[in-house]
Amino acid sequence: MRKEYDETLNKSLRISISVFLCVFLLKVMFGANPFYAAIAAVSCLQGTIKDSFKVGTERIIGTIFGGGIGLIAIYFISTEASDFKGSLIIGLSMMVIIFGSTYLLKKPASNTIACIVFLGIATNMEGRDPYYWALKRIVTTIIGVIIALICNWIISGEYKKSKFFKKKHLTGNEDM
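Only a predicted model underlies this, so the values are computations on that prediction, with no experimental measurement involved.

The rules we used
- Residues numbered from 1 in each chain as written.
- Predicted model: local features only at pLDDT ≥ 70, side-chain atom pairs only at ≥ 80, totals over all residues.
- Heavy atoms only, no water.
- Buried < 20%, exposed > 50% of the residue type's maximum accessible area, 1.4 Å probe, protein only.
- Helix = DSSP H or I, 4+ residues; strand = E, 2+ residues; numbered from the N terminus.
- Contact = heavy atoms within 4.5 Å.
- Axes fitted to C-alpha atoms, helices over the stretch in contact; angles between N-to-C directions.
- Parallel < 35°, antiparallel > 145°, perpendicular 65-115°, else oblique.
- Left-handed = near helix turned anticlockwise from the far one by under 90°.
- Nonpolar A, V, L, I, M, F, W, Y, C, P; charged D, E, K, R; others polar.
- Core = buried A, V, L, I, M, F, W, Y, C linked by side-chain atoms within 4.5 Å.
- Salt bridge = Lys/Arg side-chain N within 4 Å of Asp/Glu carboxyl O.

Caption draft 1: Expanded view of helix α2 (residues 35-44). Those residues of α2 not exposed but buried are Y36, A37, A38, A40, A41 and C44. Tucked inside the fold, the buried residues of α2 contact α1 (2-29), α3 (49-77) and α6 (130-155).

Caption draft 2: Region of the structure containing the packing of α3 against helix α4 (residues 84-104). Where α3 meets α4, the closest approach of the two axes is 10 Å, and the angle between their N-to-C directions is 155°. Judged by the inter-axis angle, α3 sits roughly antiparallel to α4. Crossing hand, α3 versus α4: right-handed. Contact residues: F65, I69, A73, F76 and I77 in α3; K85, G86, I89, I90, S93, V96, I97, G100 and S101 in α4. A class-by-class count of the residues in the contact of α3 with α4 yields 9 nonpolar, 4 polar and 1 charged.

Caption draft 3: Examining the nonpolar core more closely. Within the largest apolar cluster, 14 residues are counted, with the highest numbers of intra-cluster contacts made by C22, V145 and A148. Among the elements of the structure, α1, α2 and α6 are those that each provide at least two residues to this core. What C22 contacts, discounting residues up to four positions off in sequence, is K27, P34, A37, A38, A41, G144 and I147. In terms of nonpolar packing, the next biggest core, distinct from the first, is built from 11 residues, I77, M94, A114 and F118 among them.

Caption draft 4: The pattern of salt bridges, seen in detail. Under the criterion given, the structure shown has 3 salt bridges. Where R2 meets D6, a salt bridge forms, and the shortest distance between an N and an O atom there is 3.5 Å. Placement of the pair is R2 and D6 together in helix α1, with a separation of 4 residues, close to one helical turn. Exposure remark for R2: the relative accessible area of 59% places this residue in the exposed category. Note that K3 is salt-bridged to E7, the shortest N-O span being 3.8 Å. Here the residue K3 and the residue E7 both occupy positions in helix α1, the gap between them amounting to 4 residues, near one helical turn.

The structure is reproduced here in structure tokens:
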């Protein structure tokens, strides 16, 4: 029971710090919406840095792929899915995304996030510039993943396994 408690405490600490940093850096420091960065941070934090890196990479690939397909679809839809043509393009785009991520990119785990990002772009424009919206979505997701990986790496103590840390602290040489 104690081990499970410690793991839960550790994970909640890593997620809490990651989300704090996403909100503080993006909202407070830059006035940007931290929502997508915080979601990326929560979703990619895993038990190990290796697992977190894999999930974070899949999330970034899916975000970029879904965003790219979303931009292409917006070109053909021209505004939002407010008619049969727009609805059909959005529906067919789901197939393109799923087959593209699975067989072209060979990243089937990125399907879900790619579809979500696509839908966020293709159905949620409300007068926004789709290119700016997609770019912001991709950049904030990458920021969230990077913050989560750094927090996971430091809080989990895995940084102690790095070659740099071992050389610096085992040899006592601070100049490295």
